[in-house]
Each structure stands twice: as C-alpha cells, then as structure tokens.
Amino acid sequence: MKKISIILLLALLSFAACSTEDDGSGDQNGGQTDSFDRGAMLSHWADDFIVPAFQNFSAATNSLNQATETFAANPSAENLTALRAAYRSAYIDFQSVSMFEIGKAEELNYRNFLNTYPANTENIQSKIASGSYNLELPSSFAEQGFPAIDYLLYGLAEDDTTLLEYYTSGENAENYRAYLSDAAARINDLTAEVTASWTGSYRDTFVENTSSSSTGSVDRFTNDFVMYFEKFLRSGKIGYPAGVFSGTPSPVNVEALYAGDLSKELYQEAVNAYSDFYEGEGFGSAASGKSYKQYLQYLDSMKDGQDLAALISTQFAAISNQSAALDANLKNQVETDNSVMLAAYDELQKAVVLLKLDMMQALSISVDYVDSDGD
C-alpha cells in the first residue's frame, strides 16, 4: 500500500509540474518548444516601432487637420498647395502604421475607414449635395479617409482655378468645405484614439501576452501582419489595378488615383516599412531588436537547404529593386505597360509564399484568415 501511495504521489507531482511549465515561451501549436524571448520581441515591436510610428502619424494627421481648417476658412490657391502637401505627407506616413491592425485599430476598423479605395465619388457628391451624412457607418468606408480627400483635392476639376470654385463660388461650396473638413477631422480623431491606446494600457497588454497559443500576441499579430502584406500591399496596391484576379487591367483601382504621381511612392514606402519591421529595425531611429528575422535565425529555419530568414530579406530587396522600374503614377503604368505591374506582383507573390507558408510554418503559427485570391 505504501509503495502504491508513493507511486501515486510521484505521478501527481509530475502532472503538477507539467501543468505549470508553460510560461508562454513554448509552442502549443504542434511544433517543437523553443525558448526564444517573445517578450523582448514584443517590447521591441511596441516601443521601437509601433508606438513611435503612430506618434509620428498622429502629428501628421494633426497637421492635415489644421491645414484643412485653414483652407476651409480661406480656399485660396496658396492654402490649397499647403493642404495638398499636408495630405501627401500624412498619406506617406500612414504606410508605416497601416500594417498594425490589432487592438484599438482592429476594434475601430481603422484601416478601412482611412484607406478604402477607389473612393465612391458618386456617393460623396450625393452626400455633399444633401449635406447629410454619417461617416461613422461602415457603409461609408469608401466615402472618407485619404481616398476621399484625394478626390476632393485633385479630382473635382482639370485645373486648380476650376477646382477652387467648388469651394468658393459653387452652388454647394459650403458643403464641400464642410465635407472636406469632416473627412480630415475623422482621420485625425481615429488616429488619436489608436495612438492613445498604444501609449496607454494596450501596450502592456500586448507585450505581456507572450503565450504561444492562437490567442497570444505573436500569433495574432503575425496573422494580421502577413494578411496585410497579402491582401492590402500585394493585392490592393498592385494586383487589382494590374487586373491579376479579373484578367482585365483596372487603372481606377490605383491608390491615390487623382493625385497622380503619389501612388508609386506610397507603394515603396509600404514595402520599406514592412521590410524594416521584419528585419527588426526601429522606426525613425537606429534602434534594432528581436523580430521575425532573428526568430527564424534562432530556429535555424531552412527552405530547400537555404537560410529562410535570409531568403525573405533577399526577396524584400528584389521587390524594392523591381519597384524602381515603375512609373511614378501607377495609373499611367497600368495604361501604358501593364507588364511592369505584373512583374511587381510576381515579386510580391514570392514573398507571400515565404511569409505565409514557410515563415508561419517555421514559427508553428496557424493561418487564421481566408484568402479568396489563393497563394
């Protein structure tokens, strides 16, 4: 009896030890456990990239809002030029935060409200004419944000003199000014809310959730991170305008359609920001730390006998190099030589395979989103 009791006690102790062993550093997705410091990686992500990127963007949206108010009060050629500069600067800065659709941003549908394109210009005109609208409704995604401002600053007329008449002497001039102001204010307000969340309690919530389960910060963030590249960067910026999925080129699907020479810069900025984050670089600083590349190196991950971490870095470089061949205006590129756009898509697609299939498998993270376009 005593021998049986001792065996039972040992079994219970063993079970208790196993049940308390998981400190969030192991892998519960069916792969090998590892002791990579996820907490340090999450801290680096939050403190050295995400928070400063949002703070930078928040300053840009505040400048955009102020420039819009100045223009609405006095729609002059000089103020139009200043407003366009603020719009372009903020749109460029947005590329460094668009990939972070987690926490408050996910709750608010942040990216959809700020950058659903092409803008629904017919609905925008209708709402300006009526003076009645609610930009908080999900049905208004394509009637606000940067694409709507793009249309209101560049797409109303062929020349600036005629465009200014919409805001000065036109039949609905007051409504045009109000709609433009509301669109800029909403970008600024939503950004302030997301930034406040990151600089408040959400930062700690994000960093402290080091679990390797599907609800852990790394797993959830990685799914969002890869989905952004696949659906918004690859498909949105290049695939849809190039007609990859429909078989027919569609230049009206280009980002920043009316501004003209901004679309390529937005694409390149998004690629650079994404690559920097993967590499572990800090935002706007020399800070570097643990990120996906270091994690893959720690795991000694290979693909066809080659270092996976290096393969992904090399592919990002190939994407950047190929982008140099694109016209500054991607609409012009689609219309004059769409083969260059298709070549850009091919390079992006190679990275999708490396990220979604190889990297996520190496990290033992299951894909939790559906891609209707295929891999």
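Residues numbered from 1 in each chain as written. Predicted model: local features only at pLDDT ≥ 70, side-chain atom pairs only at ≥ 80, totals over all residues. Heavy atoms only, no water.

A. Inspection of the pattern of salt bridges at higher detail. For the structure shown, the criterion picks out 14 salt bridges. A salt bridge links Arg-88 to Asp-261; its shortest N-O distance comes to 2.9 Å. Within this pair, whereas Arg-88 is found in helix α3 (residues 77–94), its partner Asp-261 is found in the loop between α11 (217–242) and α12 (263–279), the two being separated by 173 residues in sequence. Put simply, Glu-255 and Lys-237 hold a salt bridge, and the shortest N to O gap is 2.6 Å. Separated by 18 residues along the polypeptide, Glu-255 in the loop between α11 and α12 and Lys-237 in helix α11 bring together distant segments of the chain. Each member of the pair, Glu-255 as well as Lys-237, carries the same accessibility label: buried. (Salt bridge = Lys/Arg side-chain N within 4 Å of Asp/Glu carboxyl O. Helix = DSSP H or I, 4+ residues; strand = E, 2+ residues; numbered from the N terminus. Buried < 20%, exposed > 50% of the residue type's maximum accessible area, 1.4 Å probe, protein only.)

B. Spotlight on the environment of Ala-86. You can see Ala-86 is positioned in helix α3. Considering only alpha carbons, one finds Ala-86 and Asn-65, 21 residues apart in sequence, at a separation of 8.7 Å. Ignoring sequence-local partners within four residues, the contact set of Ala-86 consists of Ser-63, Leu-64 and Ala-67. (Contact = heavy atoms within 4.5 Å.)

C. Geometry of helix α14 (residues 308–323). Relative to the 22 Å expected for 16 residues at 1.5 Å per residue, α14 spans 23 Å between its end C-alpha atoms, a close match to the ideal helical length. For α14, the full list of buried residues reads Leu-308, Ala-309, Ile-312, Ser-313, Gln-315, Phe-316, Ile-319, Gln-322 and Ser-323. For α14, the elements touching its buried residues are α11, α12, α13 (292–298), β1 (302–303), β2 (306–307) and α16 (338–362). (Expected span 1.5 Å × (residues − 1).)

D. View of the side chain of Lys-356. Within the secondary structure, Lys-356 sits in helix α16. The buried category is assigned to Lys-356, whose relative accessible area is 8%. Here Glu-230 takes part through its side chain, which lies 3.2 Å from a polar atom of the side chain of Lys-356. (Polar contact = N/O pair within 3.5 Å; in protein donor to acceptor, adjacent residues only side chain to side chain.)

E. Structural view of the packing of aromatic side chains. Within the structure shown, the criterion is met by 43 aromatic pairs. When the ring of Phe-229 is compared with that of Tyr-274, the centres are 4.9 Å apart and the planes differ by 45 degrees; the resulting orientation is tilted. Of the two residues, Phe-229 sits in helix α11 while Tyr-274 sits in helix α12, which places them 45 residues apart along the sequence. In this structure Phe-229 comes out as buried when scored by relative accessible area, which is 1%. With relative accessibility at 0%, the residue Tyr-274 sits in the buried group. The ring of Tyr-154 has Arg-84 lying over it, and the distance from NZ or CZ to the ring centre is 4.5 Å. (Phe/Tyr/Trp six-rings, centres within 6.5 Å; stacked < 30°, edge-to-face > 60°. Lys NZ or Arg CZ within 6 Å of the ring centre and 35° of its normal.)

F. Spatial organisation of the packing of α3 against helix α8 (residues 160–168). One can describe the packing of α3 onto α8 by two numbers: an axis separation of 11 Å at closest approach and a directional angle of 95 degrees. Comparing the axis directions of α3 and α8 gives the class roughly perpendicular. Contact residues: α3 offers Ala-77, Leu-80 and Arg-84, while α8 offers Asp-160, Leu-163 and Leu-164. Broken down by class, the residue content of the contact of α3 with α8 amounts to four nonpolar, no polar and two charged. (Axes fitted to C-alpha atoms, helices over the stretch in contact; angles between N-to-C directions. Parallel < 35°, antiparallel > 145°, perpendicular 65-115°, else oblique. Nonpolar A, V, L, I, M, F, W, Y, C, P; charged D, E, K, R; others polar.)

G. Fine view of the environment of Ile-238. Here Ile-238 is to be found in helix α11. Overall, the relative accessible area of 0% leaves Ile-238 in the buried class. Separated by 105 residues in the primary sequence, Ile-238 and Ala-343 have C-alpha atoms spaced 9.8 Å apart. Ile-238 has contacts with Leu-233, Tyr-267, Leu-330, Met-341, Ala-344, Tyr-345 and Leu-348, leaving out every residue within four places of it along the chain.

H. Inspection of unusual backbone geometry at higher detail. For the bond running from Tyr-117 to Pro-118, omega is 5 degrees, close enough to zero to count as cis. Mapped onto the elements, Pro-118 comes out in the loop between α5 (110–115) and α6 (121–130). Positive phi, close to 50 degrees, is recorded for Asp-304, a residue that is not glycine. Phi at Ser-364 is positive, roughly 55 degrees, even though this residue is not glycine. Of note, Ser-364 is situated in the segment after α16.

I. Structural context of the confidence of the model for the protein. Of the residues in the protein, 90% reach a pLDDT of 70 or more, and the chain-wide mean stands at 92. With pLDDT under 50 throughout, residues 1–32 is counted as low confidence; its partners more than four residues away or in other chains account for 24 contacts. (pLDDT = per-residue confidence, 0-100.)

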